[in-house]
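Fold and contact review
Next come the chains, spelled out residue by residue.
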Amino acid sequence: MLRRPEYRRALVFCGLIGIPVSLAAFWFLAGLHELERLIWTDWPHHLGRQHAPWWWPLPAALVAGLGTSLVVLRFPGRGGHIPAAGLHAGGATKAALPGVVLAALLCLPFGVILGPEAPLIALGGGLALLFRDLARAPATGASNALLGAAGAAAAISAIFGNPLVAAVMLIEVAGVGGPQLFAVMLPALLSSGIGAIVFTGFGHWTGLKTGSLNIGLPAPPLLDTGDVVWSVLMAVLIGVVIHYVLVAGRRTAVLVAAHPLRYIVLCALTAGGCAAAYAAITGRSPTDVALSGQATLPDLAAHPHSWSVGALVAVLAFKSAGYAVSLGSLRGGLVFPSLFLGAAAGVLLAPLPGFGVVPAMAAGMAASTGAAMRLPVSTVVLVALVLGHPGSLPVVALATVTAFVTTELLPEGPAIPAYRPRGSPPRP
């Protein structure tokens, strides 16, 4: 394939468009971060508050709901795809770009319980096609798919800070290899996780060395039997819970399709109400529930014991409920809330006999993200990046496969309905 001149030209062009797409993704994420800080930190401080008061999410949610409903009704592309449908690499168009960007700016900084990765995929793919047309390059089905995937990968690597995560995620999202990919990779992930556990345990028991690529970086304590057993059991539980959160999101999408303006606003207020109720009950900041969880996750990892059992139960309950309605009505991605929910579940269950906080959080994040994304290889790579060390990767692989298989065996729930404007004739 590399000997074909048209493919080499496409490869060079993909490399060139990665520059402006990455810059656009950077400023997009920087703008979201600044808006989020302004709304949830600066304005409460100006009012003399240490953090946002309990009622703060409600007016923010009203803005998000009204703004998103207008984008869905008036803009081409309806602001992007419904998050409950999962991540999508295809379908990005130039015409949809303004709606995607506007919906993300109206949703994500105002407390919607979604992440920025889905808008970034649409932004990158749409910009790649825009630059293709500006350069007057030929437009074909194959070039659309290639450039869309390249642009999406360039954009999404900005949020994860790693090109490997973006490349692997786009391989799975785009369906490269089809069902054969999952048929091969699931047994491979499962056997590699078990193999790593057996190999590590046997080496620890015998005291013999076989050589490794370890260069001396600090690592958590070795996994033991309790870590493995509890990780698998926890992955089943988390897989079931996250699956039905997504099913609730799909049911919400069915309601929203009947009357977008009414139900998008109602769902946004419900998500805001979840954050407000959490703050009123626990006395903690409503941002624990509101927003994607990306900013709160490092604090949870660094100070897990500062969260009481009641606060952990409350954040899991209220964030899951708000996450479900956000998935079916608003615009954003599903990755970061699932990471936070899995980490919080891991901290809550870490006191189980023989369970450590680090493997519990690692397995929880892997199970929750694997159940939400349904992309097992991407989940392992992403959680490995988040952890920053290889010590818990065996339980990450086991928890990912366990949660993925659990969710695949459960009923899928209703299909995501296609939006049809009011007054238009029904499809034949």
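Definitions and cut-offs
- Note on numbering: residues in each chain are counted from 1, in written sequence order.
- With the structure being a predicted model, the display of local features is reserved for residues of pLDDT at least 70 and the display and counting of side-chain atom pairs for 80 or more, all residues being used for whole-chain, interface and lining totals.
- Hydrogen atoms and water are omitted, and side-chain values are computed over all heavy atoms in the structure.
- A score between 0 and 100, pLDDT records how confident the predictor is in each residue.
- For helices the rule is a DSSP run of H or I covering at least 4 residues; for strands it is a run of E covering at least 2, with both sets numbered from the N terminus onward.
- Any two residues whose heavy atoms approach within 4.5 Å are treated as being in contact.
- Patch membership needs two things, relative accessible area over 30% and no salt bridge, and members are linked within 9 Å if like-charged or within 5 Å if nonpolar (Val, Leu, Ile, Met, Phe, Trp, Tyr).
- Methods summary: accessible areas were calculated by the Shrake-Rupley approach with a probe of 1.4 Å, and residue burial reflects only the protein chains presented.
- Between Lys or Arg on one side and Asp or Glu on the other, a salt bridge is scored when a side-chain nitrogen of the former is within 4 Å of a carboxyl oxygen of the latter.
- Summary of the burial criterion: residues with accessible area below 20% of their type's maximum are buried, those above 50% are exposed, and those between are partly exposed, where the area comes from a 1.4 Å probe applied to protein chains only.
- Centres within 6.5 Å make a pair out of two Phe, Tyr or Trp rings, where for Trp the six-membered ring is used; the pair is then stacked when the planes are under 30 degrees apart, edge-to-face when over 60, and tilted otherwise.
- By definition, being over a ring means that NZ of Lys or CZ of Arg is both within 6 Å of the ring centre and within 35 degrees of the ring normal.
- Fitting a line to C-alpha atoms yields each axis, with helices limited to the stretch in contact; the angle taken between N-to-C directions then spans 0 to 180 degrees.
- Each crossing is labelled by how the near helix is turned from the far one, with a counterclockwise turn of less than a right angle marking it left-handed and a clockwise turn marking it right-handed.
- Residue polarity follows a fixed list, in which Ala, Val, Leu, Ile, Met, Phe, Trp, Tyr, Cys and Pro are nonpolar, Asp, Glu, Lys and Arg are charged, and the others, Gly among them, are polar.

1. Structural notes on the confidence of the model for the chain
It should be kept in mind that the predicted coordinates are not to be read in detail where pLDDT is low. Per-residue pLDDT for the chain has a mean of 82; in total, 80% of the residues score no lower than 70. The element-level mean pLDDT for the chain is lowest in helix H7 (residues 179–206), coming to 55, with helix H11 (residues 309–329) highest at 96. With pLDDT under 50 throughout, residues 201–218 is counted as low confidence; its partners more than four residues away or in other chains account for 3 contacts. Counting interchain partners and residues more than four positions distant, the pLDDT-below-50 stretch residues 421–428 has 4 contacts.

2. Structural notes on a nonpolar patch on the surface
On the surface, Val 12, Leu 16, Ile 19, Leu 23, Phe 26 and Trp 27 cluster together into a nonpolar patch covering about 690 Å² of accessible area. Positionally, Phe 26 belongs in helix H1 (residues 5–46).

3. Points about the pattern of salt bridges
For the coordinates displayed, the defined rule picks out 6 salt bridges. Between Arg 374 and Glu 408 there is a salt bridge, with the nearest N and O atoms lying 3.1 Å from each other. Taken as a pair, Arg 374 in the loop between helix H13 (357–373) and helix H14 (376–387) and Glu 408 in helix H15 (residues 393–409) lie far apart in primary sequence, 34 residues in all. We classify Glu 408 as partly exposed; its relative accessible area is 44%. The salt bridge partner of Glu 412 is Arg 374, with a shortest N-O separation of 3.8 Å. With Glu 412 in the segment after H15 and Arg 374 in the loop between H13 and H14, the pair connects residues that are 38 residues apart, well separated along the chain. The partly exposed category is assigned to Glu 412, whose relative accessible area is 38%. Salt bridges sharing common partners tie together Arg 250, Arg 374, Glu 408 and Glu 412.

4. Remarks on the packing of aromatic side chains
Going through the model one piece at a time under the given rule, you end up with 3 aromatic pairs. A ring pair is formed by Phe 26 and Trp 27, whose centres lie 5.1 Å apart and whose planes are at 80 degrees; its orientation type is edge-to-face. Note on Phe 26: relative accessible area 48%, which makes it partly exposed. Taking the relative accessible area as the measure of exposure, Trp 27 reaches 60% and is therefore exposed. Here the aromatic rings of Trp 55 and Trp 56 are separated by 5.5 Å at their centres, their planes lie at 45 degrees, and the arrangement is tilted. Positioned over the ring face of Trp 307 is Arg 284, at 3.9 Å from the centre of the ring. Directly above the ring of Phe 340 sits Lys 319, whose terminal nitrogen or CZ lies 5.2 Å from the centroid.

5. Here's the deal with the environment of Pro 304
Of note, Pro 304 is situated in the loop between helix H10 (296–302) and H11. Using a relative accessible area of 12% as the deciding quantity, one classes Pro 304 as buried. The spatial distance from the C-alpha of Pro 304 to the C-alpha of Ala 344 is 8.6 Å, given a sequence separation of 40 residues.

6. So, the packing of H14 against H15
Relative to each other, H14 and H15 sit at 145 degrees, their axes nearing to 10 Å. When the axes of H14 and H15 are compared, the crossing they make is right-handed. Of H15, the residues touching H14 (which contributes Pro 376, Thr 379, Val 380, Val 383, Ala 384 and Leu 387) are Leu 393, Val 396, Ala 397, Thr 400 and Phe 404. In the contact of H14 with H15, the residues fall into 9 nonpolar, 2 polar and no charged.

7. Concerning unusual backbone geometry
Located in the positive-phi region is Arg 78, a residue other than glycine, with phi close to 55 degrees. Its location among the elements puts Arg 78 in the loop between helix H2 (57–74) and helix H3 (97–107). You will see that Leu 291, though not glycine, has its phi angle at about 70 degrees, which is positive. Assignment of secondary structure puts Leu 291 in the loop between helix H9 (260–282) and H10. For Leu 291, a relative accessible area of 8% puts it in the buried group.

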